[in-house]
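Here are the chains, one letter per residue:
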Amino acid sequence: AFSWNIVLRGISESHYPSEAFLLYKEMLIFVNFSGVSLRPDNYTFPLLLKTCAKLLLCELGHQILGHAFKMNYDRDIFVHNALIHFLVSCGELEDARKVFEESCVRDLVSWNSLINGYAKSGRAMEALRIYEEMKMEEVDPDEITMIGVVTACTQLEDLKLGREFHQDIRCRAMNMSIPLANALLDMYVKCGDLEEAKELFERMEEKTMVTWTTMVVGYAKLGHLNVARKLFNAMPEKDVFPWNAMISAYVQAQHGKEALSLFHEMQAMKVEPDEVTMVSCLSACSQLGALDVGIWIHRYIEKHNLSLNVVLGTALVDMYAKCGNIGKAFQVFREIPCRN
RNA sequence: UCUUCCGUCA
């Protein structure tokens, strides 16, 4: 099982994680030279559950869980923690909580899975409450715990509490990982404390695209478009996220022209636009009455088979309507699945 | 070889 798990892990981190399930099936029917069949072990199931969580395959996850329990891995801590994470990802928070509470095996990772799960699902207050419980039970938080509670502060726009956590992190001399620094940065930005964000940003010796994008968004949101743009230009590398951030910043500031010119620049740099890019650019077209670009985007969407969901559909309808082509607007409107 | 973390949209 050891070598199978290694391959399984590789596949899970690849571009085609769903292949992992095929390998798992093979694993179940595999019989080795001596005629001994292979058993998935307690490392196999967490891997599979994680992949289910990532792909939101709730049904399949429950099936795999059934296998794990049948093979008596129902008391394995890694399986439990993976299960908590899986349930949280499927939005089954109550069940995740139940598994956690009824679990006879519980460690820091279990707490982290639950806290971060609640925080990511937008239930900040509950995340913080669980954190309090954790401290009552005298479990020491680590930097991953802190990411969860800082994220909760971001949602609540609770700058005061966020600062307290930042202080805690410093006092306990916790490892300031990049994700944690990014989470703090995001907290300061969303709470409107750009000064603190800037200081932290400048002190970070290692920065990722997330770090830069967080700052770009921060300046843009407060209307400092030129500062945002300078940061954007200074970025050592850019994937679709920063491009989207900058484009949408221009759109929100009613600077449709700059938005579309960035859109062109982005393509020149060979960055693949996605659905978010399209929505922003369509808004820009609406602002400018740029029907030609709008039609071009519409074709692009069709050519690349980007799914016409409500958001994208609405943006298209809006673009056609505002650019004066009501007939086309109606036509697209009728094509939108599950309208609201 | 196992579990937990960050940024963009009408």
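Residues numbered from 1 in each chain as written. Chains lettered and ligands numbered in written order. Predicted model: local features only at pLDDT ≥ 70, side-chain atom pairs only at ≥ 80, totals over all residues. Heavy atoms only, no water.

Colleague: Lay out the environment of cysteine 90 in plain terms, naming residues and giving numbers.
Modeller: Looking at the secondary structure, you find cysteine 90 in the loop between helix 5 (77-89) and helix 6 (93-102). Distance from cysteine 90 to serine 14, taken between C-alpha atoms, is 21 Å for residues 76 residues apart in sequence. (Helix = DSSP H or I, 4+ residues; strand = E, 2+ residues; numbered from the N terminus.)

Colleague: Go over the pattern of salt bridges, please, and point to the residues and values.
Modeller: Counting across every chain of the model gives 13 salt bridges. The residue arginine 106 makes a salt bridge to glutamate 137 at a minimum N-O spacing of 3.6 Å. A residue pair is termed long-range when its members are at least 10 positions apart, and arginine 106 in the loop between helix 6 and helix 7 (108-120) and glutamate 137 in the loop between helix 8 (124-136) and helix 9 (143-156) qualify at 31 residues. You can call arginine 106 partly exposed: its relative accessible area is 30%. Three or more residues are tied together by salt bridges with common partners; here these are Glu94, Arg123 and Glu126. (Salt bridge = Lys/Arg side-chain N within 4 Å of Asp/Glu carboxyl O. Buried < 20%, exposed > 50% of the residue type's maximum accessible area, 1.4 Å probe, protein only.)

Colleague: Which residues make up helix 13 (residues 209-221), and what values do they have?
Modeller: Helix length check: helix 13 (13 residues) gives 18 Å between terminal C-alpha atoms against 18 Å at 1.5 Å per residue, within 8%. All of the buried residues along helix 13 are Thr211, Trp212, Thr213, Thr214, Met215, Val216, Gly218, Tyr219 and Ala220. Buried-residue contacts for helix 13 involve helix 11 (178-190), helix 12 (194-203), helix 14 (225-234) and helix 15 (240-252). Positive backbone phi, at 85°, marks glycine 223, one or two positions downstream of helix 13. (Expected span 1.5 Å × (residues − 1). Contact = heavy atoms within 4.5 Å.)

Colleague: Account for the state of the cysteines, naming residues and giving values.
Modeller: Summed over all chains, the structure comprises zero disulfides. Its sulfur unpaired, cysteine 52 is 7.9 Å from the next cysteine sulfur, which belongs to cysteine 90. Given the relative accessible area of 0%, cysteine 52 is considered buried. With no disulfide of its own, cysteine 191 lies closest to cysteine 153 among cysteine sulfurs, the gap being 7.4 Å. (Disulfide = S-S within 2.5 Å.)

Colleague: Describe the protein's contact with RNA strand B, with residues and values.
Modeller: Phe78, Val109, Ile144, Ile147 and Pro179 are the nearest of the 39 residues found near RNA strand B. Near the protein, meaning within 4 Å, the atoms of RNA strand B are sugar or phosphate in a fraction of 45%, with bases accounting for the rest. Asparagine 112 places a polar side-chain atom, nitrogen or oxygen, 3.2 Å from a base oxygen of RNA strand B. Separating a sugar or linking oxygen of RNA strand B from a side-chain N or O atom of serine 248 is a distance of 3.5 Å. (Near = heavy atom within 4 Å. Polar contact = N/O pair within 3.5 Å; in protein donor to acceptor, adjacent residues only side chain to side chain.)

Colleague: Any chance you could break down the nonpolar core for me, citing the residues and the numbers?
Modeller: Grouped burial of nonpolar side chains is what soluble globular proteins tend to show. Membership of the largest hydrophobic core comes to 111 residues, with the highest contact counts inside it found for Phe45 and Ile297. The element best represented in this core is helix 11, accounting for eight residues. Setting aside residues no more than four positions away along its own chain, isoleucine 297 makes contact with Phe263, Met278, Cys281, Leu282 and Cys285. (Core = buried A, V, L, I, M, F, W, Y, C linked by side-chain atoms within 4.5 Å.)

Colleague: Before we move on, can you summarise the confidence of the model for chain A with the specific residues and values?
Modeller: When pLDDT is averaged along chain A, the result is 93, and 100% of the positions lie at 70 or above. If you check the scores for this complex, the pTM reads 0.91 and the ipTM reads 0.81. (pLDDT = per-residue confidence, 0-100.)

Colleague: How would you sum up helix 4 (residues 58-70)? Please name residues and give values.
Modeller: A rise of 1.5 Å per residue sets the reference length of helix 4, with its 13 residues, at 18 Å; its end C-alpha atoms lie 18 Å apart and thus fit the reference within 8%. When helix 4 is considered as a whole, its buried residues turn out to be Gly61, Ile64, Leu65 and Ala68. Along the axis of helix 4, the buried residues cluster in a sector spanning 110°; they form a single face. Of the exposed residues in helix 4, those oriented more than 90 degrees away from the buried face are Glu59, Gln63 and Lys70. (Arc of directions from axis to C-beta.)

Colleague: If you had to explain the environment of lysine 120 to someone new, which residues and values would you point to?
Modeller: The topology assignment puts lysine 120 in helix 7. On the accessibility criterion, lysine 120 (74% relative accessible area) is exposed.

Colleague: Any details on the packing of aromatic side chains? Residues and values, ideally.
Modeller: Using the criterion set out here, one finds 10 aromatic pairs in the structure. Judged by centre distance (6.2 Å) and plane angle (75°), the rings of tyrosine 24 and phenylalanine 45 are edge-to-face. Here the residue tyrosine 24 occupies a position in helix 2 (residues 19-29), and phenylalanine 45 occupies one in helix 3 (residues 44-55), the gap between them amounting to 21 residues. Of the two residues examined, tyrosine 24 and phenylalanine 45, each falls in the buried class. Between phenylalanine 100 and tryptophan 111, the ring centres sit 4.8 Å apart and the planes meet at 75°, which makes this aromatic pair edge-to-face. Of this pair, phenylalanine 100 sits in helix 6 while tryptophan 111 is found in helix 7, placing the two residues 11 residues apart along the sequence. Side by side, phenylalanine 100 and tryptophan 111 carry an identical accessibility label, which is buried. Joined through ring pairs, the aromatic side chains of Tyr24, Phe45 and Tyr73 make up one cluster. The residue whose ring lies beneath arginine 106 is phenylalanine 100, and the NZ or CZ to ring-centre distance is 4.2 Å. Above the face of the phenylalanine 201 ring, lysine 207 is positioned so that its terminal group lies 4.8 Å from the ring centre. (Phe/Tyr/Trp six-rings, centres within 6.5 Å; stacked < 30°, edge-to-face > 60°. Lys NZ or Arg CZ within 6 Å of the ring centre and 35° of its normal.)

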